[in-house]
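# Report on the structure
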Amino acid sequence: MRPSEGAIPLLQARALRLERGAAVPVNGVDLTLPGGGVTALMGPNGAGKSMLLHLLHGLIPPTDGHVLWRGRPLDRLGRRAQAMVFQSPVLLRRSVAANVDFALRSRGVRDAGLRDGLLERVGLAGLGRRPARALSGGEAQRLALARALAVAPDLLLLDEATGRLDPASVAMIEAVLIAERAQGTTILMVTHDVAQARRLADSIVVMDAGRIVGDGPARRFLDAGPRAVPPPETGMRRR
């Protein structure tokens, strides 16, 4: 995934390394996201995918290497231009509406109409007054997505965000992601679901043992079969 000549990539990782005691979950990763489209980050369990997302989002500092945002070291402003949805949503002990309002206020916006529109997009219209902690698993994850979109991110990171959800919630989230891609949002998503990658991804990055072992157009990887994408027994799911 290389940017066009002369263009500054949205995000770059250069020789990223993360040590955790004797373990090295991310080991010398170079990655470029030019901007736009959906990139699926795939690979077996324990490959380092989630840790890489945490590094790219600035949640943890690398042991070595750099993350660049629009050609500059990732800083507070760069992090505010990103949003991340985790596998297990972390919700505020407030109402559904208040969770989205909190995210909107982080960018100086107070707009009940915008909030309600976001909730409608993720299928939570009419649930604004419900306590967020009372939502089902699929509803909670959709609220987490609405809250992420409330900051109008240039880069949306998803860490296996649909891995534990019912089919209806998966379909709804995928529809939102397709619409976001059409609006120019860059999306980097960890997934073990080959069928989901086929539905959504423009590009695929494959990790194994903390390293990137391949990247390129999604169709080339998915049509190449198990030699390009690790088989189900190493953590990939095919539906």
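Residues numbered from 1 in each chain as written. Predicted model: local features only at pLDDT ≥ 70, side-chain atom pairs only at ≥ 80, totals over all residues. Heavy atoms only, no water.

### Structural notes on the overall build of the protein
- Helix and strand counts for the protein stand at 8 helices and 10 strands.
- The C-alpha radius of gyration of the protein comes to 18 Å, within 12% of the 18 Å expected for a compact globule of 239 residues.
- Projecting the C-alpha coordinates of the protein onto the three principal axes gives extents of approximately 45 × 40 × 40 Å.
- Across the protein, contacts joining residues at least 24 apart in sequence account for 69% of those joining residues at least 6 apart.
- Seen as two clouds, the 33 positive and the 22 negative side-chain charges of the protein have centres 4 Å apart. (Helix = DSSP H or I, 4+ residues; strand = E, 2+ residues; numbered from the N terminus. Rg over C-alpha atoms; globule rule 2.2 N^0.38 Å. Contact = heavy atoms within 4.5 Å. Lys, Arg positive; Asp, Glu negative; His and termini not counted. Charge placed at Lys NZ, Arg CZ, Asp CG, Glu CD.)

### A word on the pattern of salt bridges
- Overall, the coordinates contain 8 salt bridges when judged by the stated rule.
- E19 is the partner of R17 in a salt bridge, and the nearest nitrogen-oxygen pair spans 3.0 Å.
- Between D202 and R181 there is a salt bridge whose closest N-O contact spans 3.5 Å. In this pair, D202 sits in the loop between α7 (194-200) and β9 (203-208) while R181 sits in helix α6 (residues 167-182), placing the two residues 21 residues apart along the sequence.
- Taken together, the shared-partner salt bridges in this structure form one network comprising D101, R115 and D116. (Salt bridge = Lys/Arg side-chain N within 4 Å of Asp/Glu carboxyl O.)

### Here's the deal with the environment of R211
- By secondary structure assignment, the location of R211 is in strand β10 (residues 211-217).
- Take R211: its relative accessible area is 43%, and that puts it in the partly exposed class.
- Along the primary structure R211 and G28 are separated by 183 residues, whereas in three dimensions their C-alpha atoms are 6.6 Å apart.
- Residues in contact with R211, not counting those within four places in the same chain, are N27, V29, A47 and V206. (Buried < 20%, exposed > 50% of the residue type's maximum accessible area, 1.4 Å probe, protein only.)

### Topic: the confidence of the model for the protein
- For the protein, mean pLDDT is 90; residues scoring 70 or higher make up 91% of the total.
- Averaged pLDDT values over the elements of the protein bottom out at 82 in helix α8 (residues 218-223) and peak at 98 in strand β8 (residues 186-190). (pLDDT = per-residue confidence, 0-100.)

### A closer look at the sheet that holds strand β2 (residues 23-33)
- As summarised here, the arrangement of the 4 strands in space is β2-β1-β4-β5, forming an open sheet in which the pairing is antiparallel. This sheet does not close on itself; its edge strands, each paired only once, are β2 and β5 (72-73).
- The pairing of strand β4 (residues 64-69) with β5 spans 2 bridges and is classified as antiparallel. The partner of L68 across the bridge, within β5, is P73. (Pairing = 2+ DSSP bridges.)

### Here's the deal with the nonpolar core
- Counting residues in each nonpolar core, the largest one holds 35 residues, and the members touching the most others are V85, V100, L143, L145, L156, L158 and L177.
- Going through the elements one at a time, β6 (82-85), α3 (96-106), α4 (112-121), α5 (137-149), β7 (155-159), α6 and β8 are the ones with two or more residues in this core.
- At 7 residues, the largest contribution of residues to this core is made by α5.
- Excluding residues within four positions of it along the chain, L156 makes contact with A83, V85, L145, A148, L149, L177, T185, T186, I187 and L188. (Core = buried A, V, L, I, M, F, W, Y, C linked by side-chain atoms within 4.5 Å.)

### With respect to the environment of N99
- Residue placement: N99 occurs in helix α3.
- Remark: the alpha-carbon pair of N99 and H54, spanning 45 residues in sequence, is separated by 22 Å.
- Once residues lying within four places of it in the same chain are set aside, the contact partners of N99 are L91, L92, R94, A132, L143 and R147.
- In terms of polar contacts, N99 uses its side chain to reach the side chain of R147, at 2.8 Å. (Polar contact = N/O pair within 3.5 Å; in protein donor to acceptor, adjacent residues only side chain to side chain.)

### Some remarks on the layout of surface pockets
- Looking at the largest pocket, its volume works out to about 580 Å³.
- If you trace the largest pocket, you find 20 residues lining it, with H57, Q82, A83, M84 and V151 closest to the centre.
- For the lining of the largest pocket, the elements supplying multiple residues, two or more each, are α2 (76-80), β6, α3 and α5.
- Sort the elements by how many residues they give to the lining of the largest pocket and β6 lands first, with 4 residues. (1 Å grid on protein atoms, 1.4 Å probe; cavity = no way out; pocket = protein on both sides within 12 Å on 5 of 7 lines; lining within 4 Å. Points joined across faces, edges and corners; volume = space filled by probe spheres on them.)

### Quick notes on the sheet that holds β7
- What the 6 strands build is an open sheet, ordered β6-β7-β8-β3-β9-β10; its pairing is mixed. Unpaired on one side and paired on the other, β6 and β10 mark the two borders of the sheet. The average angle at which neighbouring strand axes cross in this sheet is 15 degrees, direction not considered.
- The pairing of strand β3 (residues 38-42) with β9 spans 4 bridges and is parallel. Among the inter-strand pairings, L41 is bridged to a residue of β9, identified as V205.
- Helix α1 (residues 49-56) rests against β3, β6, β7, β8 and β9 of the sheet, and its axis sits at about 150 degrees to β7.
- Strands in contact with α6 are β3, β7 and β8; relative to β8, the strand with the most contacts, it is inclined by about 145 degrees. (Axes fitted to C-alpha atoms, helices over the stretch in contact; angles between N-to-C directions.)

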